[in-house]
Amino acid sequence: MSTPYETITTDVLIIGAGGAGLRAAIASQAAGAKTTLVCKSLLGKAHTVMAEGGIACALGNVDKEDSWKAHFADTMRGGGMLNQWRMVELFAKEAPERVLELEQWGAVFDRTPEGYISQRPFGAHSYRRLAHVGDRTGLELIRTLQDHAVRVGVEVYMEYTLTRLVKDGERIAGAFGYRRDDGRYVLFRAKAVILATGGWGKLYQVTSNSWESTGDGCAMAYEAGAELIDMEMVQFHPTGMVWPPGVKGILVTEAVRGEGGLLRNANGERFMEKYDPVKMELSSRDVVARSIYKEVQAGRGSPHGGAWLDVTHRGGDYIRRKLPSMYEQFLKLADIDITKEPMEVAPTIHYAMGGVKTTPETGASTVAGLYAAGEVAGGLHGANRLGGNSLSDLLVFGARAGYYAAEYAQKLTEHPRVDEAQIQDEVRTLEAPLTNPGVGNPYAVMEDLQKAMQEGAGIARTEASLKKGLERVLESQGRASRVRVAGTRAFNPAWNTARDLLFMTRLAEAIVRSALERKESRGGHWRTDFPDRVDGLGKVNIVAFKQPDGKMGIKQVPLAPMPEALTKVLEVAKPPEYREIMAKQGLKQ
Ligand SMILES: Cc1cc2nc3c(=O)[nH]c(=O)nc-3n(C[C@H](O)[C@H](O)[C@H](O)COP(=O)(O)OP(=O)(O)OC[C@H]3O[C@@H](n4cnc5c(N)ncnc54)[C@H](O)[C@@H]3O)c2cc1C
């Protein structure tokens, strides 16, 4: 007998209510499609709310010379030239408009003395470019988009976890999952689906990411036949908290360095002078994270295995005004007053550059009717994301995916057929942990997986560490399908975790296999056995895909050649200069 479930019908289903999902929902609704938004937590609680430092966009409010061309060049260079250049072009051109639109919808940004949106410096951006609200920018972005989405009539379902994309032949027909409170099953029938499910920082032991970042959407896309690109590219943010142990990994925003924060080792030396004398503390995240790692390896680390980050020279009033969350975070969690003492920091896993492969203009994946936007999508950031470029990514490509998914949906005269067999197959997968024999504990498997990723595919990688990592990931994958949980589907976090594990172990496999394939160092991918860039590998993306036999395939796909006009932009744009930027901030270095 088949298991009962509720059916909700819509035109465009958006999975995820972070910045990308909300912006997509607004665009889809505005384009005339019935739009439904589903999220795992409450509206307003998505990971985006944690974003701190700002939104990168070349408004030119404080540095008049800034332009989309400079933003394009910085993003390409920062990404090790692995980025999809067309995405970067659209992004750099459209980000200012998307931010001004936010302002029109009620976002209250920090201001310049003349009354324009204020912009702050950030790593590897040539100009002061980040529109911000103190260090609580994500909160303002989410609040504004959420108000607007509700106002325009987007339908919202909170505390639902969707676990399977349903297909009619080769095209998408909706998504199936469960209500997190009572565990009841639900099918969302849709003509188009937009994945806006965010990243997968929870694959690692030390992370700045929230509990939601288990990579569900990316893994669902893979299972449905979509291609994933650049999965080896995960970002270690250089500055996470390290002490006390309970707060390890929590982010210390790059805005601290943007506001003049200095990094020092145990001997009090400003070590960035050695690793990047031009960009110093405002070098790109991959470089700063590796520099801290190297200092620790050389025995010059801080007491808990990191470095010191000092912003005390900016004075108490300034710090409390520009970095209020950091001030409170350290005071409450570590009993440190950052206006008087330095912060102890170390790299923490932060962001997934890779993800679902999309068409730059539309956000369409390689599966008909399936779109992706935000952190779940790959391509924009290449091998390393610049700070602030995620929030503008959500706005630019959220809007595009929403518009084009609505257009696709409106062309279909009727809803695609739902294949009951796929739903019952997913029900069996979901219920297995309640009936499996044995005692396998999902939390123990998750812990082992996170350890395997931290040790095998961490900040420094080798062939040996990755091969060992793959072995451990595949072992976790096998154990994940055999876990046993007590109780029923109602209010059962262990049962929820059991399903998350299937997503997480699949993505872990994609990361490790892709990292083995890329035998060079570029951006966030540091192979100590291949320490340099390899020209040929700079011209290909590593793509992970599901083969007909169900196994994971890995292939190299050449990047499209960049048009001459854009190559010229790269030649002309000047790279960032730390001392110049800090002098404009009124700081002598
Ligand atoms: C502490 C911190 C600070 C940051 N600061 C900045 C910054 O200053 N500037 C910047 O540009 N970037 C910043 N970032 C990065 C940026 O915040 C994220 O990359 C971005 O918010 C991701 O947005 P998103 O819309 O793609 O996904 P998210 O905001 O992660 O939202 C994902 C949504 O998907 C839902 N979801 C997931 N899986 C499922 C499922 N199976 N079923 C139903 N719903 C599901 C979740 O419930 C959630 O609603 C920061 C990140 C962190 C961790």
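Residues numbered from 1 in each chain as written. Predicted model: local features only at pLDDT ≥ 70, side-chain atom pairs only at ≥ 80, totals over all residues. Heavy atoms only, no water.

Caption draft 1: Molecular detail of the nonpolar core. Ranked by size, the top nonpolar core spans 64 residues in total, and within it Leu13, Leu165, Phe188, Trp200, Tyr204 and Leu370 carry the most contacts. Looking at this core element by element, the count peaks at eleven residues for helix H15 (residues 493–517). Core analysis: the next-biggest nonpolar cluster, separate from the first, contains 60 residues, Ala24, Ala33, Leu380 and Leu566 among them. (Core = buried A, V, L, I, M, F, W, Y, C linked by side-chain atoms within 4.5 Å. Buried < 20%, exposed > 50% of the residue type's maximum accessible area, 1.4 Å probe, protein only. Helix = DSSP H or I, 4+ residues; strand = E, 2+ residues; numbered from the N terminus.)

Caption draft 2: Spotlight on the domain arrangement of the protein. Domain assignment breaks the protein into domain 1 (6–231 + 353–411), domain 2 (235–348) and domain 3 (427–546). For domain 2 versus domain 3, the distance between C-alpha centres works out to 29 Å. Between domain 2 and domain 3 the total buried area reaches about 650 Å² when both faces are included, carbon and sulfur atoms providing 79% of it. When the area that domain 2 buries against domain 3 is broken down by residue, the three leading residues are Phe236, Arg290 and Tyr293, summing to 75%. Counting across the domain 2 and domain 3 interface gives zero salt bridges. On inspection of domain 2 and its partner domain 3, the count reaches one residue pair in polar contact (both at pLDDT 80 or more). A breakdown of the residues in the side of domain 2 that touches domain 3 according to their chemical character gives four nonpolar, no polar and three charged. (Domains from an automatic or database assignment. Buried area = accessible area lost by both parts, 1.4 Å probe. Salt bridge = Lys/Arg side-chain N within 4 Å of Asp/Glu carboxyl O. Polar contact = N/O pair within 3.5 Å; in protein donor to acceptor, adjacent residues only side chain to side chain. Nonpolar A, V, L, I, M, F, W, Y, C, P; charged D, E, K, R; others polar.)

Caption draft 3: Representation of the site of the ligand within the structure. Within the structure, the ligand sits among 40 residues, and Thr48, Gly53, Glu212, Glu375 and Leu391 are positioned closest to it. Within the backbone of glycine 19, one N or O atom sits 3.2 Å away from an oxygen atom of the ligand. Within the contact set of the ligand, an oxygen atom lies 2.8 Å away from a backbone nitrogen or oxygen of leucine 391. Isolated, the ligand exposes 1000 Å² of accessible area, and the fraction of that covered by the protein chains is 99%. Counting residues per element, the ones that place at least two in the shell around the ligand are helix H1 (19–30), strand S3 (35–39), strand S8 (160–168), helix H5 (216–223), strand S16 (343–352) and helix H11 (389–411). Among the elements that line the shell around the ligand, the one with the most residues is H11, at four residues. Its residues assigned to classes, the shell around the ligand shows 16 nonpolar, 18 polar and six charged. (Near = heavy atom within 4 Å. Areas by Shrake-Rupley, 256 points an atom, 1.4 Å probe, with all protein chains shown as cover.)

Caption draft 4: Up close: the environment of arginine 290. Relative to the helices and strands, arginine 290 resides in helix H8 (residues 285–297). Among the residues examined, arginine 290 registers a relative accessible area of 17% and is labelled buried. Separated by 169 residues in the primary sequence, arginine 290 and isoleucine 459 place their C-alpha atoms 7.4 Å from one another. The contacts of arginine 290, once residues within four sequence positions are left out, are Ile459, Gly523 and Trp526. Reaching out from arginine 290, the side chain makes a polar contact with the backbone oxygen of glycine 523 at a distance of 2.9 Å. (Contact = heavy atoms within 4.5 Å.)

Caption draft 5: Structural detail: the environment of leucine 333. Inspection of the secondary structure puts leucine 333 in helix H10 (residues 324–334). Residues leucine 333 and threonine 567 lie 234 residues apart in sequence; the distance between their C-alpha atoms is 47 Å. Those residues in contact with leucine 333 that sit more than four places away from it in its chain are Met241, Pro244, Val247, Ile250 and Glu328.

Caption draft 6: Broad picture of the packing of helix H14 (residues 463–480) against H15. Put simply, H14 and H15 touch, their axes get as near as 9 Å, and they point 160° apart. Viewed along their axes, H14 and H15 adopt a mutual orientation that is roughly antiparallel. As H14 runs across H15, the sense of the crossing is left-handed. Contacts between H14 and H15 involve Glu463, Leu466, Lys467, Leu470, Val473, Leu474, Ser476, Gln477 and Ala480 on the former and, on the latter, Leu501, Leu502, Thr505, Arg506, Ala508, Glu509, Val512, Arg513, Ala515 and Leu516. Residue composition of the contact of H14 with H15, by class: eleven nonpolar, three polar and five charged. (Axes fitted to C-alpha atoms, helices over the stretch in contact; angles between N-to-C directions. Parallel < 35°, antiparallel > 145°, perpendicular 65-115°, else oblique. Left-handed = near helix turned anticlockwise from the far one by under 90°.)

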